[in-house]
Amino acid sequence: MNRVNLSVGIMIIWVLGSLIGQWLPLDVNQIHLEAILKTPGADNWFGYDDLGRPVFDRLLSGSYTSCVVALTVIALSVSMGTVIGTLSAYLGGGFDHIITRIIDIFLAFPGILLAIALAGIMGPGIDNVVIALSVVGWVGFARLARAQTLSVKHREHVIAAEVMGTGRMKIIFRHLIPLISTPVLVEATFGVASVVIAEAGLSFLGLGVQAPDASWGSMIRDGTRYMLVAPHLVLIPGLALMTVVLAVNLAGDRLRDKLDVKMQINKSGV
Amino acid sequence: MLRFILARLFSTIIVVFGVACLVFLLIHLVPGDPVDMMLGENAQMADRQALREALGLNQPVGIQLLNYFVHLLQGDLGTSLHSREPVVQILAERIPATVELAIASLLISCLIAFPLGIIAALNKGRAWDKTAMGVSMLGVSVPNFLLGPVLILVFSIYLGWLPVSGRDGLVSMILPAVTLGTALAAVLSRMIRSTLLEVLHEDFIRTARAKGDSYYQVVIRHALPNAMLPIITLLGLQLGVLLGGAVITETVFSWPGIGKLTIDSIMKRDYPVIQACVLLISLTYVVVNMLTDLVYAWIDPRIRLGQSS
């Protein structure tokens, strides 16, 4: 239970830190020439980067980037994916066939590759990162929603609604989507973790935020050039990234166990 | 079995066709005119026209698509805008490095994942299990572009044991392969654990135990071989993690493979090369998955019989 509280606590700090950082008087782009590459010490906990900018302020600013990108991408992917997947499974026939093929084609691009290609071709910038990650992200949710809908669309309450003449759209939004929302929610939690990594990855490759804006990924990339003299430039944003991803993943694991009815029956049965 | 092979081949061909179409469409996603993006806005009219013709962008989209497929079937991927060499030749130079790296990472991930997964499964719920799964969760949460620099920091800069980057002999392969292999190992060890746990509940395990085989004999002779089948399929699917991760890992270590070529071409706006790299990586993934499915069906009659009935 403690571990869950810890990971939820980290997630709250991440979101609050991102929001509060927006109206704190931060020196994100303020250059302190005397402090170039200064390592963390008693008076400054996080040190300064290669241009003399305070790492702590940039960390908060980067946190905002990752938070906004992750929440936007997940909101877009989940809503598009769930509606398309549910529609596909419920309507069936030729439409379902086409959607299934499209899903297969998108899943044929391994990992982050399609997002890299999309972001690379559309040109660098955080807007294009959000577009690229959403274009790739809906597919997983569509596949999940489709599979879940297939298993619940013959339930009595759906058939009852059909017999009573309820419209298809109403059945989908009132009777199917609420029923499949649990696994989608669990998947969305893991989705947040992978989008945080993906955004940082694209920014690391130089395809995400552009200088002087901060992202954890671009901070790590800039830091690798000064690793010998100032390893904190890689380690601090890296640790922040890892902590958030780990917390989100652990929360997702826990959520899955908690919501998994089958597992709970097994436990009480023993 | 033949019907299964044909059905699987057919769906693979459709996916390959779709992937090729999507890669073709990539260049049309460039905001504004791709020729402007490549040459800059101050380019001469004649240069623009020449490039447009070289890329075939002056023709209707339908004709472009047709030409693209005709060339693709002839193994012609176009010419690099940057070095003017045929793209096929550029790819051929880079393929060995990526294949080497992929095989080394696969070996490393198996070396990490099998002991970790087996230990966790055999000690389910105990401290060993929790430690192994904690390590694997950590592995999932550490991205390549963080693990890579940290490994360089420790083993190349502080200890000075291994080269920082580049491809120069076996030694230089260790860090990139470990970086890439760790991500895969983290996922793989979780799968090995859960598959093995399922198998351990089967009746034949109890029978083997009742016959008097020792616990470890049962695990090695009966449980592992039966758990291998799903693990092999999952390994095929996880190859995607490896191929996708290779793009970032190769960039971190300046490893001269297909992944680094992709990023370099993105930076140079060399669209034909970007398209070819994406196509090559995805097609490899699709074909490997098809082969895994076929091998699985060949070994396990339940799959192919279930399919045809």
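Residues numbered from 1 in each chain as written. Chains lettered and ligands numbered in written order. Predicted model: local features only at pLDDT ≥ 70, side-chain atom pairs only at ≥ 80, totals over all residues.

**Q** Where do I start with the overall build of chain A in this structure?
**A** Secondary structure summary: chain A contains 11 helices and zero strands in total. Taken from the N to the C terminus, the helices and strands of chain A come in the order α-α-α-α-α-α-α-α-α-α-α. Buried residues in chain A amount to 47% of all 270 residues. Across chain A, every contact between residues at least 6 apart in sequence was considered, and the portion connecting residues at least 24 apart equals 69%. (Helix = DSSP H or I, 4+ residues; strand = E, 2+ residues; numbered from the N terminus. Buried ≥ 20, exposed ≤ 12 C-beta atoms within 10 Å, placed from the backbone. Contact = placed C-beta atoms within 7 Å.)

**Q** Is there a simple way to explain the environment of P143(B) in this structure?
**A** Take P143(B): it is sitting in the loop between α6 (127–141) and α7 (144–158). Among the residues examined, P143(B) registers 27 C-beta atoms within 10 Å and is labelled buried. Leave out the neighbours within four places in its chain, and P143(B) touches I197(A), A200(A) and G201(A).

**Q** In this structure, what is going on with the confidence of the model for chain A? I would like to understand it.
**A** Mean pLDDT for chain A: 84, with 92% of residues reaching 70 or above. Contacts from residues 263–270 of chain A, a stretch scored under 50 in pLDDT, to residues over four places away or in other chains number one contact. (pLDDT = per-residue confidence, 0-100.)

**Q** Honestly, unusual backbone geometry in this entry has me stumped. Any pointers?
**A** Excluding glycine, most residues fall at negative phi; most peptide bonds, likewise, are trans. Residues and elements named next belong to chain B. If you check the backbone angles, S254 has positive phi at about 50° while not being a glycine. Its place among the elements puts S254 in the loop between α10 (215–252) and α11 (258–268). Assessed through the 13 C-beta atoms surrounding it within 10 Å, S254 is described here as partly exposed. Look at R269: it is not a glycine, yet its phi comes out positive at around 55°. With respect to the helices, strands and loops of the structure, R269 is situated in the loop between α11 and α12 (271–299). What makes R269 partly exposed here is the crowd of 19 C-beta atoms within 10 Å.

**Q** Before we go on, may I ask you to explain the interface of chain B and chain A in this structure?
**A** You'll often see interface size given as the accessible area lost when the parts meet. Across the boundary between the two partners, chain B contributes 39 residues, which contact 35 residues of chain A. Tallying contributions element by element places α10(B) first for the side of chain B that touches chain A, with eight residues.

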